[in-house]
Amino acid sequence: LYKNVGEELSLLDSSLHRAGDLIRKFRMVAVDQLNSRTQVFGLNELVYQTVSEFRIQNTASHRIDIRIDPAITINGYPGALEQVLANLLSNAFQHAFEEPTGGNIIIEGKSHNGWVTLTVGDDGKGIAPERVTRIFDPFYTTQLGKGGSGFGLYAVFNQVSHLMGGHINVESTPGKGTRFILELPCGGTRTTD
């Protein structure tokens, strides 16, 4: 009897975590009033804060190296950018590494001609070329039945391209890692595409 209760509690706990993760990802796509207002913020400070909060919520201990010019400021959507970064980190922690320790993630930020290039890269297992082309498709996942909803990177794409007026690309080499490259306007300009 106790063995079954333990298994049921474990299943319930796992299901609740997946449901919470899915709700968080749905919220990323829905642009609420708080995230639709621009404000000036320091990119370096926002990234450090997001990484600190992410570390508190995760048991894996991969190294995260932040290399951002402290002078970079953006007149944009800090809440949306925090969600995007948290989702990219979560994606790396879930999919890039086989073990819960030993991985490296580098977050770099540079400004040029009114734009910021923000790169989130890892040295994990990489993504097969046929999967890279579909990575931003809604509900596309390689982890179906293992906790992946296929909604996270679709939500990231929508936040970056539609709300923030930027662009996002991915580069990956199997066995050598993955890099997400975000191009964001420093002025928070919204596009209509």
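**Comments concerning the overall build of the protein**
Consideration 1: Summing up its helical and strand segments, the protein has 5 helices and 7 strands in all.
Consideration 2: Going from the N terminus to the C terminus, the protein shows its helices and strands as α-β-α-β-β-α-β-β-α-α-β-β.
Consideration 3: Expressed as a percentage of its 193 residues, the buried residues of the protein come to 42%.
Consideration 4: A fraction of 73% describes how many contacts in the protein between residues 6 or more apart in sequence connect residues 24 or more apart.
Consideration 5: As displayed, the protein has an accessible area near 10,900 Å², and 53% of this comes from carbon and sulfur atoms.

**Digging into helix 2 (residues 43-57)**
Consideration 1: Taking 1.5 Å of rise per residue, 15 residues should cover 21 Å, and helix 2 covers 21 Å from first to last C-alpha, within 8% of that figure.
Consideration 2: Of the residues making up helix 2, those classed as buried are Leu43, Asn44, Leu46, Val47, Thr50, Val51 and Phe54. Looking straight down helix 2, one finds its buried side chains confined to an arc of 160°; they lie on one side. What points out from helix 2, more than 90 degrees from its buried face, is the exposed set Glu45 and Ile56.
Consideration 3: Considering only its buried residues, helix 2 is in contact with strand 1 (39-42), strand 2 (61-68), strand 3 (73-76), helix 3 (78-96), strand 4 (101-112) and strand 5 (115-122).

**Quick notes on the packing of aromatic side chains**
Consideration 1: For the structure shown, the criterion picks out 3 aromatic pairs.
Consideration 2: When the ring of Phe54 is compared with that of Phe93, the centres are 4.9 Å apart and the planes differ by 90°; the resulting orientation is edge-to-face. You can see Phe54 sitting in helix 2 and its partner Phe93 sitting in helix 3, a full 39 residues away along the chain. When sorted by exposure, Phe54 lands in the same class as Phe93, which is buried.

**Let's talk about a nonpolar patch on the surface**
Consideration 1: On the surface, Val5, Leu9, Leu12 and Leu16 cluster together to form a nonpolar patch covering roughly 380 Å² of accessible area.
Consideration 2: On the secondary structure map, Leu9 appears in helix 1 (residues 2-29).

**Observations concerning the sheet that holds strand 5**
Consideration 1: Spatial strand order, 2-4-5-7-6: 5 strands in an open sheet with mixed pairing. Across the chains shown, the open sheet's two edge strands, defined by having one partner strand only, are strand 2 and strand 6 (167-173). Between one strand axis and the next, the sheet turns by 15° as a mean value, whatever way the strands run.
Consideration 2: In terms of strand pairing, strand 2 meets strand 4 through 7 bridges, oriented parallel. By the bridge assignment, Arg67 is partnered in strand 4 with Glu108.

Analysis parameters
- Residues numbered from 1 in each chain as written.
- Predicted model: local features only at pLDDT ≥ 70, side-chain atom pairs only at ≥ 80, totals over all residues.
- Heavy atoms only, no water.
- Helix = DSSP H or I, 4+ residues; strand = E, 2+ residues; numbered from the N terminus.
- Buried < 20%, exposed > 50% of the residue type's maximum accessible area, 1.4 Å probe, protein only.
- Contact = heavy atoms within 4.5 Å.
- Areas by Shrake-Rupley, 256 points an atom, 1.4 Å probe, with all protein chains shown as cover.
- Expected span 1.5 Å × (residues − 1).
- Arc of directions from axis to C-beta.
- Phe/Tyr/Trp six-rings, centres within 6.5 Å; stacked < 30°, edge-to-face > 60°.
- Patch = residues over 30% accessible without salt bridge, like charges linked within 9 Å, V, L, I, M, F, W, Y side chains within 5 Å.
- Salt bridge = Lys/Arg side-chain N within 4 Å of Asp/Glu carboxyl O.
- Pairing = 2+ DSSP bridges.
- Axes fitted to C-alpha atoms, helices over the stretch in contact; angles between N-to-C directions.

Nothing here speaks to function; it is geometry throughout.
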